[in-house]
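Take a look at the letters that make up each chain.
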Amino acid sequence: MAPASRFEIVLGRTLGSATVALIQGSIVFLVCLAAGFRPTHLLLLPVALLFMALIAIMCTAIGTAVGSVLQDMQGFPLIMNFIVLPLFFFSSTLFPVPDLPEPVRLLVRLNPLSYGVDGLRGTLSGGGFAFGVATDFAVLGSLAAILLAVGAYLFSNIGV
């Protein structure tokens, strides 16, 4: 049997971590159901799961790309927090996009996580999509693919 290519290693690591993130997200969803949250359209739950998967793949691909260029793993949590916290705070997770001032709305539109939050909010709460479901899927899907490719490229250059 031939050894796995570096791309296969990156893909396996990313999909494995995304699976863990999906399981964790599903547990949070079940806790929310127990606390009284009810999705407005049960038929949209598979779409919400797809948004969760794309968000998980995108975030783990960012981690793989960043981890591939670091020489010292002690700096990894610091760098990831430097990336993840702004993504979270400027993703309209805490406040919907229409309620934000205009300069902040620009940051929200530039943030890829905003499209995942919009997709989850639109599918689970039925409040509509600020960007549109097709735009949300297109941005998340293309960015996840790009980050996977970048992570695979950076990982393949380790030790060269």
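Structure's up top.
The shown structure was predicted, so the numbers you read here are calculated from the model rather than taken from an experiment.

**A few points about the overall build of the chain**
So, step 1. Within the chain, the regular secondary structure consists of 6 helices and 0 strands.
So, step 2. Tracing the chain from N to C terminus, the helices and strands come up as α-α-α-α-α-α.
So, step 3. Expressed as lengths along the three principal axes of its C-alpha atoms, the size of the chain is roughly 50 × 40 × 30 Å.
So, step 4. Each of the 160 residues in the chain was classed as buried or not, and the buried ones make up 30%.
So, step 5. Considering only residue pairs separated by 6 or more positions, the chain has 66% of its internal contacts joining residues 24 or more positions apart.
So, step 6. Approximately 9500 Å² of the chain is accessible, and the part contributed by carbon and sulfur atoms is 75%.
So, step 7. Of the charged side chains in the chain, 6 are positive and 6 negative; the average position of the first set lies 4 Å away from that of the second.

**With respect to the packing of aromatic side chains**
Ring pairs (aromatic) are described by centroid distance and by the angle formed between their planes.
So, step 1. Going through the model one piece at a time under the given rule, you end up with 4 aromatic pairs.
So, step 2. With a centroid separation of 6.5 Å and an interplanar angle of 75 degrees, the aromatic rings of Phe29 and Phe37 are classed as edge-to-face.
So, step 3. Measuring from ring centre to ring centre gives 4.5 Å for Tyr115 and Phe131, while their planes differ by 40 degrees; the resulting arrangement is tilted. Of this pair, Tyr115 sits in helix H5 (residues 112-125) while Phe131 sits in the loop between H5 and helix H6 (133-156), and the two are 16 residues apart along the sequence. Taken individually, Tyr115 and Phe131 each receive the classification buried, so the pair is uniform in this respect.

**Quick word on unusual backbone geometry**
So, step 1. If you check the backbone angles, Ser92 has positive phi at about 65 degrees while not being a glycine.
So, step 2. Mapped onto the fold, Ser92 is located in the loop between helix H3 (76-89) and helix H4 (102-110).

**Some details on the nonpolar core**
So, step 1. Among the nonpolar cores identified, the biggest contains 24 residues, and Ile57, Met58, Ile62, Leu113, Leu140, Leu147 and Leu148 are the most heavily contacted of them.
So, step 2. For this core, the secondary-structure elements that each account for two or more residues are helix H1 (6-35), helix H2 (45-69), H3, H5 and H6.
So, step 3. With 9 residues, the top contributor of residues to this core is H2.
So, step 4. Setting aside residues no more than four positions away along its own chain, Ile57 makes contact with Thr14, Leu15, Ala18, Ala144 and Leu148.

**Focus on the packing of H1 against H6**
So, step 1. In contact at an axis separation of 9 Å, H1 and H6 are set at 125 degrees when each is read in the N-to-C sense. In terms of their interaxial angle, H1 and H6 are classed as oblique. Relative to H6, H1 is oriented so that their crossing is right-handed. In this structure, H1 uses Arg6, Phe7, Ile9, Val10, Leu11 and Thr14 to contact H6, whose residues at the interface are Leu148, Gly151, Ala152, Phe155 and Ser156.
So, step 2. Among the residues making up the contact of H1 with H6, the classes are represented as 7 nonpolar, 3 polar and 1 charged.

**Description of H1**
So, step 1. The terminal C-alpha atoms of H1 lie 43 Å apart, and with 30 residues this matches the ideal 44 Å at 1.5 Å per residue to within 8%.
So, step 2. Every buried residue belonging to H1 is among Val10, Thr14 and Ala18, and all of these are buried.
So, step 3. Looking at the buried positions of H1, the neighbouring elements they touch are H2 and H6.
So, step 4. Directly beyond the C-terminal end of H1, a positive phi value near 115 degrees is found at Gly36.

What counts, and at which threshold
Residues numbered from 1 in each chain as written. Predicted model: local features only at pLDDT ≥ 70, side-chain atom pairs only at ≥ 80, totals over all residues. Heavy atoms only, no water. Helix = DSSP H or I, 4+ residues; strand = E, 2+ residues; numbered from the N terminus. Buried < 20%, exposed > 50% of the residue type's maximum accessible area, 1.4 Å probe, protein only. Contact = heavy atoms within 4.5 Å. Areas by Shrake-Rupley, 256 points an atom, 1.4 Å probe, with all protein chains shown as cover. Lys, Arg positive; Asp, Glu negative; His and termini not counted. Charge placed at Lys NZ, Arg CZ, Asp CG, Glu CD. Phe/Tyr/Trp six-rings, centres within 6.5 Å; stacked < 30°, edge-to-face > 60°. Core = buried A, V, L, I, M, F, W, Y, C linked by side-chain atoms within 4.5 Å. Axes fitted to C-alpha atoms, helices over the stretch in contact; angles between N-to-C directions. Parallel < 35°, antiparallel > 145°, perpendicular 65-115°, else oblique. Left-handed = near helix turned anticlockwise from the far one by under 90°. Nonpolar A, V, L, I, M, F, W, Y, C, P; charged D, E, K, R; others polar. Expected span 1.5 Å × (residues − 1).

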